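Each chain, letter by letter, is given below.
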Amino acid sequence: MNEHNGSPAAEVELDALVVGAGITGIYQLYRLREHGFTVKALEAGGGVGGTWYWNRYPGCRFDSESYSYGYFFSPELRDEWTWSEEFAGQPETERYLNFAVDRLGLRPYIEFDARVASAEFSEEQSRWLVTTTAGAVYRARFLITAVGLLSAPVFPAAPGLEEYRGESYHTALWPAAPVDFKGKRVAVVGTGSSGVQIIPFVARDASELTVFQRTANWCTPINNRPISSEKAERIRARFDELHELCLSTPAGFIHRPRDLAAFEVSDADRTAWFQRLYDEPGLTMVMNNFRDITTDAAANAAVTDFIRAKIRERVQDPAVAEMLIPDDHTYGMKRPPLENGYYEVFNQDNVELVSLREEPIERFTPTGLATTRREMDFDMIVLATGFEAATGSLTRMDIRGSGGRELGDHWEAGPRTHLGLQAAGFPNLFIVGGPQSTTGNIPRATEIQADLVTRLLTFMTEQGHSVVTTSREAEDTWIDIVADSVRGTVLENARSWAFGSNIDGKKRAYLLWSGGIPAYRERCEEAFADGFRGFVFG
Ligand code: N01
């Protein structure tokens, strides 16, 4: 192994190059260094954090309990950091990730403002040649992407945005300098998790807020609260147990479904349970509910009816309440946004809700936007229009494998991977936290993958293998397993980013894995124990 810590302008030779210094990339960098590999991380942002660096919009915060999201592996990090809230806001999470990077001594191994322009595998050299937009060149045996599931922002296709002369922001590219909504006429487009988080902040200060909604969502209260010092101590004493708990639950959260089906209890008990979850912090409504709410139609209808009634209770104008009630999906079909005073915003005099189903945006104008029915002027347009999930950040990066084949072409009909880790024809490329791999509470899902990658690279080094790839057969097997993981659940028919349905013209394919963290881990362990089944060494 060798390492030149020369200036990035020179060609840098490494064992491994990690792309991304968010929560996943930081961990991957740490693990590989710990195992003696020479490794660097390239980070497009000016600082660490990934999602928590870019999404600086007011209201951005966890939907995982803070302590279940942080790193568990390091005693120093566990002992020296105390989360202030059950669901930390973006600034605190960004501070935590900076603290982690410094405490682990990783900052010298991260190149900031280093966006990958192209990555090409050289068959002669068995090396990845990676060039940044600033012209720096890296040569690495292994290329490991940790670019996040939701990090390629999507903008509305309606023309004219570049001609708009007011302030405009995408929630996922929010500036570091404060944005002032005071006294302004603001449009917010999009009512997914990001929109639902920012809208109450805009509504508080703007003179007028117009919310453009294409699809309503089933939102439930976050019920965030501070973590007392006594609770922080209790958490610290139980770290190992909490880590095990997260790894044993389907989505990596501290919550488990109840061991009861919805109709095994009386109507009154069922409603009382829904009410209890509605009043509890976080994603308990979906995670801690009856075990069949996403698999049994009647159970799913019961929880959906409960939340529908809540929306009607909280929104004063019945016509607006009906607009805010989803009519195209039931509860749990999409990751449900958590809110803090979202529905009450629509009781304010300065807020208008516009249905884009009734009047789609035709174009942006120099002073605002035009729907099919009217033109409206705004001082500011906020786009909370989401991401090209899972594949977007990878296919936008110009990754070329054997024979110069582009990853985007390989995935034209949907992602193809073996265990979500490798794609056929892309030797020594590993994807961590990408498509077809386990998700939920992201760090819990991706630490498993980062550990698997570290084991594979260590095995190859010990065995003297220079190249590993996978086969189309292994990909086909995994595609079937991934499709099975969602079959028979309410997720199966969802129109959401998890199927790429938010991107015009994108072929519908399930982009995640719904079998849960324990089953994902089991399948990977089985493949590894069976001579690294599906991987081809050379
Ligand atoms: O993105 P989204 P997001 N014209 O795709 C609408 C995680 N997250 O950034 O549903 C008009 O959910 C779009 O409409 P439709 C979380 O996993 C977590 O909000 O496609 N509207 C939708 O309303 C989440 O699921 C947190 O019909 C357009 C919205 O914009 C994921 O990230 C916080 C449009 C986009 O919603 C994505 O959330 C934030 C157009 N052209 C995000 N294009 C936490 O709480 C899109 N829309 C941790």
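Since the model is a prediction, treat every value here as computed from it, not as a measurement. (Residues numbered from 1 in each chain as written. Predicted model: local features only at pLDDT ≥ 70, side-chain atom pairs only at ≥ 80, totals over all residues. Heavy atoms only, no water.)

1. Brief notes about the overall build of the protein chain
Helices and strands together make up the secondary structure of the protein chain, namely 18 helices and 20 strands. For 538 residues, the compact-globule estimate of 2.2 N^0.38 gives 24 Å, and the C-alpha radius of gyration of the protein chain, at 23 Å, lies within 12% of that figure. Dimensions of the protein chain, computed from C-alpha atoms along their principal axes, come out at roughly 70 × 60 × 45 Å. Across the 538 residues that make up the protein chain, the buried fraction comes to 58%. When contacts within the protein chain are restricted to residue pairs at least 6 apart in sequence, those whose partners lie at least 24 apart make up 70%. Taken as a whole, the protein chain presents about 21300 Å² of accessible surface, with 49% of it coming from carbon and sulfur. Put simply, the protein chain has 54 plus and 75 minus side-chain charges, and the middle of one group is 1 Å from the middle of the other. (Helix = DSSP H or I, 4+ residues; strand = E, 2+ residues; numbered from the N terminus. Rg over C-alpha atoms; globule rule 2.2 N^0.38 Å. Buried < 20%, exposed > 50% of the residue type's maximum accessible area, 1.4 Å probe, protein only. Contact = heavy atoms within 4.5 Å. Areas by Shrake-Rupley, 256 points an atom, 1.4 Å probe, with all protein chains shown as cover. Lys, Arg positive; Asp, Glu negative; His and termini not counted. Charge placed at Lys NZ, Arg CZ, Asp CG, Glu CD.)

2. Comments concerning the pattern of salt bridges
Scanning the entire structure with this criterion turns up 41 salt bridges. Taking the shortest distance from any N to any O, the salt bridge between Arg31 and Glu34 comes out at 2.9 Å. Residue Arg31 and its partner Glu34 are located together in helix H1 (residues 23-34), separated by 3 residues, close to a single helical turn. One salt bridge in this structure joins Lys40 and Glu111, with 2.9 Å as the shortest N-O distance. Taken as a pair, Lys40 in strand S2 (residues 39-42) and Glu111 in strand S3 (residues 110-111) lie far apart in primary sequence, 71 residues in all. Each member of the pair, Lys40 as well as Glu111, is classed as buried. It is possible to trace a salt-bridge network through shared partners that takes in Glu11, Glu13, Arg127 and Arg139. (Salt bridge = Lys/Arg side-chain N within 4 Å of Asp/Glu carboxyl O.)

3. Quick look at the site of the ligand
As a matter of local geometry, the ligand sits amid 24 residues, with Ser193, Ser194, Arg214, Thr215 and Trp497 nearest to it. Note that an oxygen atom of the ligand is positioned 2.9 Å from one of the backbone N or O atoms of Ser193. Within the contact set of the ligand, an oxygen atom lies 3.1 Å away from a side-chain nitrogen or oxygen of Gln197. When the free accessible area of the ligand is taken as 910 Å², the share hidden by the protein chains comes to 87%. Element by element, the count of residues in the shell around the ligand is highest for helix H6 (residues 193-205), at 3 residues. Looking at the shell around the ligand, its residues break down into 9 nonpolar, 9 polar and 6 charged. (Near = heavy atom within 4 Å. Polar contact = N/O pair within 3.5 Å; in protein donor to acceptor, adjacent residues only side chain to side chain. Nonpolar A, V, L, I, M, F, W, Y, C, P; charged D, E, K, R; others polar.)

4. Examining the packing of aromatic side chains
This structure, assessed with the given rule, holds 35 aromatic pairs. With a centroid separation of 4.8 Å and an interplanar angle of 40 degrees, the aromatic rings of Tyr30 and Phe73 are classed as tilted. Highlighted residues: Tyr30 in helix H1 and Phe73 in the loop between helix H3 (66-69) and helix H4 (75-80), separated in sequence by 43 residues. The class for Tyr30 is partly exposed, based on a relative accessible area of 21%. (Phe/Tyr/Trp six-rings, centres within 6.5 Å; stacked < 30°, edge-to-face > 60°.)

5. Quick look at the side chain of Glu86
Relative to the assigned elements, Glu86 resides in the loop between H4 and helix H5 (90-103). Given the relative accessible area of 6%, Glu86 is considered buried. A polar contact is formed between the side chain of Glu86 and the side chain of Lys231, at a distance of 2.6 Å.

6. Digging into the sheet that holds strand S12 (residues 351-355)
As summarised here, the arrangement of the 5 strands in space is S7-S16-S8-S9-S12, forming an open sheet in which the pairing is parallel. Because the sheet does not close on itself, it has two edges, and the strands there are strand S7 (167-170) and S12. Averaged over all pairs of adjacent strands, the angle between their axes in this sheet comes to 15 degrees, without regard to strand direction. Most of the contacts of H6 go to strand S9 (residues 208-213), to which it runs at about 155 degrees, and overall it touches strand S8 (185-189), S9, S12 and strand S16 (380-383). (Pairing = 2+ DSSP bridges. Axes fitted to C-alpha atoms, helices over the stretch in contact; angles between N-to-C directions.)

7. With respect to the nonpolar core
In terms of nonpolar packing, the biggest core is built from 131 residues, with Tyr71, Ile144, Leu209, Leu324 and Phe346 touching the most fellow members. In terms of residue count, helix H16 (residues 442-463) provides more of this core than any other element does, 8 residues in total. For Ile144, the contacting residues outside a window of four places in its chain are Ala16, Leu17, Val18, Val19, Gln28, Leu32, Phe430, Val432, Val453 and Leu457. Judged by nonpolar contacts, the second largest core, of 26 residues, contains Leu42, Val116, Ile399 and Leu429. (Core = buried A, V, L, I, M, F, W, Y, C linked by side-chain atoms within 4.5 Å.)

8. Describing H16
With 22 residues, H16 extends 32 Å from end C-alpha to end C-alpha; this agrees with the ideal 32 Å at 1.5 Å per step. One or two steps after H16, the chain reaches Gly464, where phi turns positive at roughly 75 degrees. (Expected span 1.5 Å × (residues − 1).)

9. Some words on the packing of helix H9 (residues 267-279) against helix H11 (residues 297-314)
Between H9 and H11, the least distance of the axes is 11 Å, while the angle of their chain directions is 60 degrees. Classified by the angle between their axes, H9 and H11 sit oblique to one another. When you trace H9 past H11, the crossing you get is right-handed. Along its contact with H9, which presents Arg270, Thr271, Phe274, Gln275 and Tyr278, the element H11 presents Ala302, Val303, Phe306, Lys310 and Arg314. (Parallel < 35°, antiparallel > 145°, perpendicular 65-115°, else oblique. Left-handed = near helix turned anticlockwise from the far one by under 90°.)

10. Considerations on the pairing of S9
The buried fraction of S9 amounts to 5 of the 6 residues, a majority that puts the element mostly inside the structure. Taking the sense of rotation as the criterion, the β-α-β connection linking S8, H6 and S9 turns out right-handed. In this sheet, S12 lies alongside S9 in parallel orientation, the contact comprising 5 bridges. Residue pairing for S12: Gln213 is matched across the bridge by Ser355. (Right-handed = clockwise from strand over helix to strand, strands pointing away.)

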